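# Residue-level structural notes
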Amino acid sequence: MLQAGDWAYSETLKEHFMNPKNILQGEDTDAFDGVGMEGNLQCGDQMMVVIKVDKEKEVITDCQWKTYGCASAIASTSILSEMVKGRTLDQAFHISPKEVAEALGGLPDHKIHCSVLGDKALRAAINNYYTRNGQEDKVKQEQVKVICQCMSITDHDIEDAVLEGARTYFELQERTKLGTVCGQCKDEAEVLLEKFKHIHFGV
Amino acid sequence: MKVYFDNNATTPLHPDVKKEMIAAMEMFGNPSSMHSYGREARANVENARRQVADFIGATEKEIVFVGSGSEANNTVLSLFVCGSSQCIPGSKMRSSIITTKIEHPCVLETSECLAHRGVRVKYLDVDQYGKIDLDQLAGMLGDDVGLVSIMMANNEIGTLQDIETIAEMVHASGALMHTDAVQAVGKVPVDVRSLGVDFLTISAHKIYGPKGIGALFVKKGVPYCPLIRGGHQELGRRAGTENTLGILGLAKAVEMRALEMPGEEDRLLELKNILRNGIENSIDDIHFNGHPTDSLASTLNVSFSGVEGEAILLYLDLEGIAVSTGSACASGSLDPSHVLLATGVDAELAHGSIRFSMGRQTTRQEVDYVLNVLPKIIERIRNMSTAYIKGGLHAASR
Ligand SMILES: Cc1ncc(COP(=O)(O)O)c(C=O)c1O
Ligand code: FES
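Residues numbered from 1 in each chain as written. Chains lettered and ligands numbered in written order. Predicted model: local features only at pLDDT ≥ 70, side-chain atom pairs only at ≥ 80, totals over all residues. Heavy atoms only, no water.

### Examining the overall build of chain A
- Looking only at helices and strands, chain A features eight helices and five strands.
- Starting at the N terminus and ending at the C terminus, chain A contains elements arranged as α-β-β-β-α-α-α-α-β-β-α-α-α.
- Relative to the 2.2 N^0.38 estimate, which gives 17 Å for 203 residues, the radius of gyration of chain A is 18 Å and therefore close to what a compact globule would have.
- Expressed as lengths along the three principal axes of its C-alpha atoms, the size of chain A is roughly 60 × 50 × 30 Å. (Helix = DSSP H or I, 4+ residues; strand = E, 2+ residues; numbered from the N terminus. Rg over C-alpha atoms; globule rule 2.2 N^0.38 Å.)

### Section: the nonpolar core
- Counting 90 residues, the largest nonpolar core has Ile51(A), Ile279(B), Phe304(B) and Phe356(B) as its most contacted members.
- For this core, the leading source of residues is helix α5 (residues 112–132) of chain A, giving ten residues.
- One finds Met27(B), Val185(B), Ile202(B) and Val345(B) within the second-largest nonpolar core, a separate group that totals 64 residues. (Core = buried A, V, L, I, M, F, W, Y, C linked by side-chain atoms within 4.5 Å. Buried < 20%, exposed > 50% of the residue type's maximum accessible area, 1.4 Å probe, protein only.)

### Thoughts on the pairing of strand β6 (residues 176–180) of chain B
Residues and elements named next belong to chain B.
- Within β6, five of the five residues are buried, which leaves the element mostly enclosed by the surrounding structure.
- Taking the sense of rotation as the criterion, the β-α-β connection linking strand β5 (residues 145–149), helix α6 (residues 163–172) and β6 turns out right-handed.
- As judged from the three bridges shared by β6 and strand β7 (residues 199–203), these two strands associate in the parallel manner. Within the sheet, the bridge partner assigned to His178 lies in β7 and is Phe199. (Right-handed = clockwise from strand over helix to strand, strands pointing away. Pairing = 2+ DSSP bridges.)

### Looking at the side chain of Thr10(B)
Residue and element names in this part refer to chain B.
- Mapping Thr10 onto the fold places it in the loop between β1 (3–4) and α1 (15–24).
- Within the local environment of Thr10, its side chain forms a polar contact with the side chain of His205, the two groups lying 2.7 Å apart.
- A polar contact is formed between the side chain of Thr10 and the side chain of Lys211, at a distance of 3.0 Å.
- Other than its neighbours up to four places away in sequence, Thr10 contacts Tyr4, His205 and Lys211. (Polar contact = N/O pair within 3.5 Å; in protein donor to acceptor, adjacent residues only side chain to side chain. Contact = heavy atoms within 4.5 Å.)

### A short note on the sheet that holds strand β10 (residues 299–304) of chain B
Residue and element names in this part refer to chain B.
- Within the open sheet, the four strands sit side by side as β9-β10-β13-β12. Their pairing is antiparallel. Two strands lie at the open edges of the sheet, namely β9 (286–289) and β12 (324–325), each paired on one side alone.
- The pairing of β9 with β10 spans four bridges and is classified as antiparallel. Along β10, the bridge assignment pairs Ile286 with Phe304.
- Helix-sheet contacts for helix α10 (residues 264–282) involve β9, β10 and β13 (353–357), and the interaxial angle to β10 is about 10 degrees. (Axes fitted to C-alpha atoms, helices over the stretch in contact; angles between N-to-C directions.)

### Some details on the packing of helix α2 (residues 36–56) of chain B against helix α9 (residues 244–260) of chain B
Residues and elements named next belong to chain B.
- Where α2 meets α9, the axes come as close as 9 Å, and the angle between the chain directions of the two elements is 35 degrees. The two elements α2 and α9 cross, and the hand of that crossing is left-handed. Residues Ala41, Asn44, Val45, Ala48, Gln51, Val52 and Phe55 of α2 touch α9, and the partners they reach there are Thr244, Ile247, Leu248, Leu250, Ala251, Val254, Glu255, Arg257 and Ala258.
- Partitioning the contact of α2 with α9 into residue classes produces eleven nonpolar, three polar and two charged. (Left-handed = near helix turned anticlockwise from the far one by under 90°. Nonpolar A, V, L, I, M, F, W, Y, C, P; charged D, E, K, R; others polar.)

### A few points about helix α6 (residues 155–163) of chain A
Residue and element names in this part refer to chain A.
- When α6 is considered as a whole, its buried residues turn out to be Asp155, Ile158, Ala161, Val162 and Leu163.
- The backbone nitrogen of His156 has a side-chain oxygen 3.2 Å away, supplied by the residue at the start of α6, namely Thr154.
- Downstream of α6 by one or two residues, Gly165 has phi in the positive range, about 125 degrees.

### Brief notes about the interface of chain B and chain A
- With 30 residues of chain B at the contact, the number on the chain A side is 35 residues.
- Summing both partners gives a buried area of about 2,700 Å² for chain B against chain A, and 62% of it is carried by carbon and sulfur.
- Linking chain B with chain A are zero salt bridges, by the criterion used here.
- At the junction of chain B and chain A, the tally comes to twelve residue pairs in polar contact (both at pLDDT 80 or more).
- Breaking the side of chain B that touches chain A down by element, the ones donating at least two residues are α11 (309–318), α12 (328–331), α14 (347–351), α15 (364–383) and α16 (392–397) of chain B.
- The leading source of residues in the side of chain B that touches chain A is α11(B), at six residues. (Buried area = accessible area lost by both parts, 1.4 Å probe. Salt bridge = Lys/Arg side-chain N within 4 Å of Asp/Glu carboxyl O.)

### Quick look at the sheet that holds strand β2 (residues 45–54) of chain A
Residues and elements named next belong to chain A.
- Pairing is antiparallel in the open sheet, where three strands are placed in the order β1-β2-β3. The open sheet terminates on both sides in strands that have one partner only, identified here as β1 (34–40) and β3 (59–68). Mean inter-strand twist for the sheet, computed between neighbouring axes without regard to direction, equals 15 degrees.
- In this structure, β2 lies alongside β3, joined through nine bridges in antiparallel fashion. In the sheet register, Ile51 faces β3, and the bridge partner there is Cys63.

### Observations regarding the site of ligand 1
Residues and elements named next belong to chain B.
- What surrounds ligand 1 is a group of 14 residues, the closest being Gly69, Ser70, Asp180, Ser203 and Lys206.
- In the model, an oxygen atom of ligand 1 is placed 2.8 Å from a nitrogen or oxygen of the Lys206 side chain.
- When isolated, ligand 1 has an accessible area of 390 Å², and the protein chains bury 88% of it.
- By residue number, the principal contributor to the shell around ligand 1 is helix α3 (residues 69–78), which donates three residues.
- The residue inventory of the shell around ligand 1, partitioned by class, reads three nonpolar, nine polar and two charged. (Near = heavy atom within 4 Å. Areas by Shrake-Rupley, 256 points an atom, 1.4 Å probe, with all protein chains shown as cover.)

### Considering the domain arrangement of chain B
Residue and element names in this part refer to chain B.
- Parsing chain B into structural domains produces domain 1 (15–259) and domain 2 (263–391).
- Every contact between the two is made by 24 residues of domain 1 and, on the other side, 21 residues of domain 2.
- In total, domain 1 and domain 2 occlude about 1,900 Å² of area from one another, counting both sides; carbon and sulfur atoms represent 58% of this.
- At the boundary of domain 1 with domain 2, the tally comes to two salt bridges.
- In this structure, Arg257 engages Glu264 in a salt bridge whose closest nitrogen and oxygen atoms are separated by 2.8 Å.
- Here domain 1 is connected to domain 2 by eleven residue pairs in polar contact (both at pLDDT 80 or more).
- When its residues are assigned to classes, the side of domain 1 that touches domain 2 shows ten nonpolar, seven polar and seven charged. (Domains from an automatic or database assignment.)

### Description of the side chain of Arg49(B)
Residues and elements named next belong to chain B.
- Note that Arg49 resides in helix α2.
- A polar contact of 2.9 Å, which involves the side chain of Arg49, links it to the backbone oxygen of Ile63.
- Excluding residues within four positions of it along the chain, Arg49 makes contact with Arg42, Glu60, Ile63, Val64, Phe65 and Glu234.

### Looking at the pattern of salt bridges
- Per the counting criterion, the structure on display carries 26 salt bridges over all chains.
- Among the ionic pairs, Glu194(A) bridges to Lys197(A), the shortest N-O distance being 3.3 Å. Residue Glu194(A) and its partner Lys197(A) are located together in helix α8 (residues 186–201), separated by three residues, close to a single helical turn.
- When salt bridges that share partners are traced, they join Arg42(B), Glu46(B), Arg49(B), Glu234(B) and Glu242(B) into one network.

Below is the structure:
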């Protein structure tokens with residue numbers, strides 16, 4: 001018989017969960033150049049990322065965080081805070097949830113949504129830095145596009161549904177109710193479904 | 001130290017049950033065979049049936065062995081989609097069922113499925129302690145209702161319902177009464193006659209018996225229709241060659257429960273109070289879930305604000321302590337415990353809930369160990385939690 005010991009998670013993830021790196025101590029964020037927060041307590045995860053920036057080189061020199069969430073959420077913010085140090089703001093802005101998941105040695109499918117908030121909070125922190133430093137022109141909005149007009153489902157909703165396990169158009173419909181009225185959004189939704197499956201799961 | 005505080009999920013085999021089952025492995029005959037091998041198996045299965053029947057005050061013929069608690073519950077609920085008036089006289093007229101919002105998923109999902117097949121399902125609310133409202137039940141009952149299914153003890157919060165009173169009301173309205181007693185049998189006294197139920201569900205693995213075996217009490221004369229067809233076993237009520245090993249294990253488990261139950265409830269209640277007071281005195285911002293008195297002595301459910309349950313569970317696991325959580329993350333769904341939400345607990349608190357379920361082997365030392373470890377873990381998680389950032393930023397981004 002097999003012994004216990006194997007978690008649903010990789011060793012790297014377990015290590016970051018047991019010994020999280022760069023936790024922001026206390027509540028004071030004044031010493032930081034950018035602050036970003038995403039998620040909410042009702043949904044079960046919320047992350048805050050704070051960064052210090054070398055203003056000349058636009059390089060992140062320090063990154064700390066707080067997270068309310070499960071083991072994947074804690075570990076993914078921890079590893080993200082290590083990954084971004086030394087990267088330029090532009091590089092850091094483009095870190096994807098997939099990169100974070102890979103660095104953690106992979107995540108079970110149903111856990112991916114727990115780790116997407118970290119990079120969102122990081123992007124919010126970077127935008128916050130730009131705003132504070134009079135560089136509003138550099139603030140990049142996360143583009144939201146309504147795909148299903150009838151049910152007002154956006155591309156982000158489709159991405160979330162994929163992260164939560166939808167793999168077929170039918171599953172996407174079940175989760176989001178997209179395409180259940182006039183049906184004209186089907187083609188565009190299917191293209192996005194394939195795109196997000198590819199981005200997040202390489203399939 | 002290893003501490004198993006997850007006895008509502010499942011229990012370790014009782015050593016005497018294990019012995020009985022090891023001995024039973026030699027007995028391979030098919031109880032339906034007429035030769036000596038078969039007769040040996042038959043004798044043992046029927047003896048087991050008598051033991052289980054005795055334990056809950058039923059007669060032997062009223063006990064149907066099934067493959068799990070889930071199967072028993074599925075069987076009862078599925079009686080009500082059978083359109084044939086031969087199976088269930090009058091069921092055409094009575095095409096609604098009533099259940100509660102806090103049932104085990106094997107009842108809730110079966111009910112949802114029935115709803116797709118034309119059955120009208122009415123769900124009872126519960127109050128902040130997990131109790132149903134008898135007035136609401138009275139309002140729902142009527143000549144359209146064929147079956148009422150209400151669990152006796154809730155697996156997550158331990159709340160006990162007053163099945164006796166409920167069954168009386170249900171019968172007065174002409175409907176049948178089922179109770180899922182998986183978490184009650186072997187923990188509190190259960191007697192089918194004084195409860196007055198028509199169907200009652202038992203599962204062996206919650207009472208130190210094996211997994212994959214259960215029993216359904218079906219009151220004599222009550223309409224019945226098998227879920228699994230194709231054999232004469234169990235008097236045609238459940239096809240499939242009997243799980244002799246499991247059946248003997250279940251019987252031994254109830255035999256041991258009958259011996260060990262006296263005094264156990266008081267002992268566990270005392271431990272639960274120590275655990276409860278210890279948590280209350282050492283950790284701020286908590287909320288106890290479930291009924292303060294009408295509750296299983298073994299079950300304590302508590303929410304810690306600002307921390308997510310899966311993180312607590314896994315940090316406790318690293319210290320050797322096994323518990324459950326109502327957090328969404330641990331279950332793989334996105335919604336936290338439907339039971340806690342039904343009691344009106346805020347979603348954040350539901351995400352941060354931990355269930356401690358003790359058992360026959362639980363000791364004072366184990367409770368003390370948990371009380372020693374838990375406050376440090378909660379403090380550690382709160383220290384990294386966004387929920388504990390006070391002031392504007394927090395408020396603004398909520
Ligand atoms: C209240 C309740 N009903 C039913 C079940 C299902 O029993 P089984 O695991 O035997 O299918 C359980 C246990 O998981 C339970 O706690
Ligand atoms: S646009 Fe999606 S259903 Fe009409």
